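# Coordinates in review
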Amino acid sequence: MKPICLVCICLLLVLGISPEVPAQTLDDPAPETVVDPATDTSMRWNQEMSLAVRAAAQRVLPAVVTIQPIGVGDRQSGEVQLDAAFSGLLVDPEGFVLTSSLAVAGDGAALLAESADGKRLTATLVARDFHRNLALLKLSADESFPHVDLKVAVEEAQNDPPRRIGQTLIALARNGGGGSPMIARGILSAVDRLDGIAVQTDARVSPPFYGGPLIDLYGRVLGISIPSVGQGGAENPTDWYDSGIAFAVDIASLGEKIERLKAGEDIHRGLLGVVPKARDPNEKSTEISAVRPRSPAERAGLKAGDVILRIGDVPVDRFGAIKQALGRYDAGERMELEYRRDEESVVATIELAKTIPPIQPQRLGVAVDEGLTIRGILPGVGDEKSLRLGDQLLQFEGEELSSPDDLRAKLMTLPPETEIALVVRRDEQEKNISVTPKDVADPVVTTFPLTWLAPTRAWEVVKVDLPETVGVAAAVVPKNKALGDDDSAETDESAAKDQSAGSEDTSAASPVAGIGDDQDSSAEKGTKASSAKDVDASPNDPPADYTPPLGLAVLLAKPGQDQPMNLAKDWIAAAGASGTIVCVVTSSKPDRWELKTLEDLRGIIASLKRSYPISPDAIAIATLDLKRGKPASADTMAFGAAVSQVDVFSAVAVHAAFQPPAIRLKENSASEPLQIMLWSLDQDDPPALASVAKQAGYPVISGENLDRESWLQWVRLLQLY
Amino acid sequence: MNTRFVNLWNRFVVYSVLVLVLMLGLAPEKAWSQDLGAIQSVPSLQDLAREAQSKVVKIYGAGGIRGLEAYQSGFLVSPEGHIATAWSYVLDVDPIVQLDDGSRFDAKVLQFEPSLELALLKIDISEADFFKISPDLECRWGDPVMAISNLFNIATGNEPASVMQGSIASIGPLDARRGTFETPYRGEVLLLDLIANNPGAAGGALVDTRGRLVGMLGKELRDSRTGVWLNYAIPATVLRQAIGDMVAGRRLPPPIEATPVLPRQDSHNLRRLGLIMIPDVLENTPAFVDRVKTDSSAGRALVLPDDLILLVGNHRIDSQQTLVDRLRRIDRRDDVPLTLQRGNAIITVTLEPMQ
């Protein structure tokens, strides 16, 4: 009982005294407050934690240096100045420093390093790891530096002890200028991030930490902090600083490769060169649709139709998993790949490449339906010896064709001027045919296959409202019913409603007026229609149930232009004549475009696709003042939208002199190819972007001779194979 | 009655054992992994946080135009209603102070000290709970802290201010001249690894895990070195003297401007030092030396052509403009310490003024 009394007495004493303390006693030390045992434990826990954090940090801090780029100017990555003081980790007694590639991104006049003891030294760039966004620097001094032995760090990381999600981690840096230690404490959020090269932490990592080590409470280095926002997370890699979502290159993923960097060799991501058959990387399929020419996959003997089973030690069942597994390998590294061909399992050893020659997209000039039956042929393409309307495509260079996407992937990866062998079914018989596909950009095709009768009436303007975007978009679309129907007025109204609600069944209920229903329209349409009819009247006349899908052109207005309904009215005739839906999108801000518009565009397009039979391969984006006026922010926005969402858009048309957005142009993808059309293109003096885009495999097309209607026709014809 | 005391006593014993285990030098990580039961009994700092919250006030004043918030935070520093807060446009009018219990007071701005970003308000009250500021309270980087403020004006009426937890990331000089908000404060700050400095947080209290005041949250600032938003507090030890003097009604010494630009004839310049730089034709021409006058400060210090000037004192020289600007801030009678890059070597020289 005695101790309890003591506690009580203490409590009474304290309670009795404290309220009397006057303001002037600022100089008095704060009286020890007696707190309950629970709070006391917590205070001690916190105290212990801070001791542990400092002890762990002190183990590594002697090897942490600040790296300060000099003479970079006012360049920035998002909010972060490129001449900011970053951190680096000494990994060798001779003065090799591992840091984030952001430290060398400014390409300045010099790099100034400040070591733990305050010594200032120049640092020179030795090599870069483009795959992991790291740079290796060398300090210039003949002395032995305190350092972290990477070999030991890698061993520790791999063996002892296993990493546990939730364990405490500390990001380390030095506070530029004074060089005082700087920490951010958090936990391990995840491992195997960024395709297997990074760990993730919730520590508030701000720019001075980039390039510095991420350690555990035992003072072991787990990784090097790098700026990253995951895939498509934000505009700039630094945009997630201080957010609680931070990444560090896993030291285990770098491993022995540090020796390659020390030898001055740059490291790049390893490329394989296969095109998936499945459009969705999460679909359970690892079948290859095409193999890129002159790629490691081709050299290893992989062929279209092979099914990938394993990458290294990792069994794979989706292309997403293949991407993740490949993420661990660098260019020049060899890895084992197991695949299945004709029920047999084969193991190949493949050396991954730094680059693969870009694609040069080709096409046959035909439209096919889901069953690969030819439903339209460009004038001049089909003749007696080659493809005909109604042929069903069965094989491509000896490979079975499974879907239109498969056909496209194969055509995209074809070298130019290659004659290919096709097998088609015609009149219940299989026939061998050889054709030479043509470059998609040459010539610019705007003439419809003769079987596609252009509609001339019954198109109207409707609002395209989504819950989050109201009043910014309007589209010119085909009316629900042909003119003359009794209930047309009512249906039109409900169609607009259905469409804004994104209803699924609208398209089913609306056979698109005029398009493809030749029987009704040919009689009234005079000579053009009837001549087309004549051509079609062959033994291979396609069944009348086929309706060629529509195209979709998204047109961005100038910021400040509003009332999309009015703006869209102007396009009724051209849209109707070409069979391409025109969707006018205005900016919600009167002076500029917002990034959020990118998301809105996706929603708007998805809603239109649900309501109308739009070909997913015939969606293009351009500016509303098509071919008129000067380059504007809408051009930049259109281009940015197209290259960042190649899964949505198949083409973009902008003014040749536009200001390209600050995003990296990825290589054109064989499974989701994009075409770039430029207005006012001076062929003798093309903009820098044109050559960059060509090298990255994008067809760059001059839109000079196209008027509004023919441009819309070109958009719709993007769906040709 | 008895049983309750016994229970309390048992709990005390359990906690004491836990504390002992911790104090035996086991890293917390190990301790928790070995005793999962302990995690459930890790108590929060609720009592201390609640006590500290009660001393933090909401301040409403000028603003509201140009997107500037018309509110901030403050904390009581005397039982008679002296309130320390950040000096800002919010105090352009006599503000209204709302205490933790929801009571509202008209406040007077008693004094302010721009060089410390500090202002002292007074409300008419007695026997209020307040923060005492200890003269010898030492905090270190890595220490856990709680930031208590009315950030984003989330708390209204008698709702208590928001408590956030994190650590002191670093203690070092503030270098924040970029951005919309500037500060004349040039002393050391407590940099934090939590997102403490949001609109309305300025003037909030930073306390340690014993509930003691260790700093005052500063205004929103961008770091001039990185361009990014800073999370920081001005140390209580720096504010203590000023708060004490203000409460006691003593005058403060006038603030000293860190390094003002001097009149042309009083400062150094390139010509006076004997430095001829490469032609300044770019937007950011690096500070490469083209020629050096032999009988000059630079000549005597053996500065050579092609040297790249990296630093003057501790200030980074990004371009010839920053070099010229920096020299304007050094008295012509003072030495000019330079850090140069020559080839791969870093050289420090001191240019002494010529008589």
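Residues numbered from 1 in each chain as written. Chains lettered and ligands numbered in written order. Predicted model: local features only at pLDDT ≥ 70, side-chain atom pairs only at ≥ 80, totals over all residues.

## What about the overall build of chain A?
Scanning chain A from terminus to terminus reveals 19 helices and 36 strands. Residues counted as buried form 47% of the 721 residues belonging to chain A. In chain A, 68% of the contacts between residues at least 6 apart in sequence involve partners at least 24 apart. (Helix = DSSP H or I, 4+ residues; strand = E, 2+ residues; numbered from the N terminus. Buried ≥ 20, exposed ≤ 12 C-beta atoms within 10 Å, placed from the backbone. Contact = placed C-beta atoms within 7 Å.)

## Remarks on helix H3 (residues 150-159) of chain A
All names here are of chain A. When we look at burial in H3, the residues that qualify are Leu-150, Ala-153 and Ala-157. Projection of H3 onto a plane perpendicular to its axis shows the buried side chains occupying an angular sector of 60°, all on one side. Of the exposed residues in H3, those oriented more than 90 degrees away from the buried face are Lys-151, Val-152, Gln-158 and Asn-159. Contacts made by the buried residues of H3 are with strand E13 (221-226), helix H5 (251-254) and helix H6 (258-262). (Arc of directions from axis to C-beta.)

## Let's talk about the sheet that holds strand E19 (residues 345-351) of chain B
Residues and elements named next belong to chain B. With respect to topology, 4 strands assemble into an open sheet ordered E17-E16-E18-E19, the strand pairing being antiparallel. With one partner strand each, in any of the chains shown, strand E17 (315-316) and E19 form the two edges of the open sheet. With 4 bridges connecting them, strand E16 (residues 308-312) and strand E18 (residues 336-342) associate as antiparallel partners. Bridging across to E18, Leu-308 finds its partner in Gln-341. (Pairing = 2+ DSSP bridges.)

## Quick look at the environment of Asp-223 of chain B
One can find Asp-223 of chain B in the loop between strand E12 (213-217) and strand E13 (232-235). Note: C-alpha distance between Asp-223 of chain B and Ala-345 of chain B (122 residues apart in sequence) is 29 Å.

## Section: the confidence of the model for chain B
All names here are of chain B. Of the residues in chain B, 82% reach a pLDDT of 70 or more, and the chain-wide mean stands at 82. Here residues 1-6 is a poorly scored stretch, pLDDT under 50, and it has 1 contact once near neighbours within four places are set aside; other chains count. Contacts from residues 20-43, a stretch scored under 50 in pLDDT, to residues over four places away or in other chains number 27 contacts. Predicted complex, confidence summary: ipTM 0.70, pTM 0.71. (pLDDT = per-residue confidence, 0-100.)

## Thoughts on the sheet that holds strand E17 (residues 307-311) of chain A
Residues and elements named next belong to chain A. Strand order across the open sheet formed by 4 strands is E18-E17-E19-E20, with antiparallel pairing between neighbours. The open sheet has two edge strands, strand E18 (314-315) and strand E20 (344-351), and neither has a second partner. Relative to strand E19 (residues 334-341), E17 runs antiparallel, the two being bridged by 4 bridges. Along E19, the bridge assignment pairs Ile-311 with Leu-337.

## Considering unusual backbone geometry
All names here are of chain A. Phi angles above zero are rare outside glycine, and Arg-294 is one such case at about 55°. With respect to the helices, strands and loops of the structure, Arg-294 is situated in the loop between strand E16 (288-291) and helix H7 (296-299). You will see that Asp-342, though not glycine, has its phi angle at about 50°, which is positive.

## Thoughts on helix H8 (residues 320-328) of chain B
Residue and element names in this part refer to chain B. Along H8, the residues classified as buried are Gln-320, Leu-323, Arg-326 and Leu-327. For H8, the angular spread of buried residues about the axis comes to 125°, placing them on one side. Lining the buried residues of H8 we find helix H6 (270-273), strand E14 (275-277), E16 and E17.

## Side note on the nonpolar core
Formed by 173 residues in total, the largest nonpolar core has its most connected members in Leu-190 and Leu-192 of chain B. By residue number, the principal contributor to this core is helix H2 (residues 37-60) of chain A, which donates 7 residues. Excluding its chain neighbours within four sequence positions, the residues that come into contact with Leu-190 of chain B are Cys-139, Ile-168, Ile-171, Leu-206, Val-214, Gly-215, Tyr-232, Ala-233 and Pro-235 of chain B. Core analysis: the next-biggest nonpolar cluster, separate from the first, contains 117 residues, Ala-475, Val-476, Ile-614 and Ala-642 of chain A among them. (Core = buried A, V, L, I, M, F, W, Y, C linked by C-beta atoms within 7 Å.)

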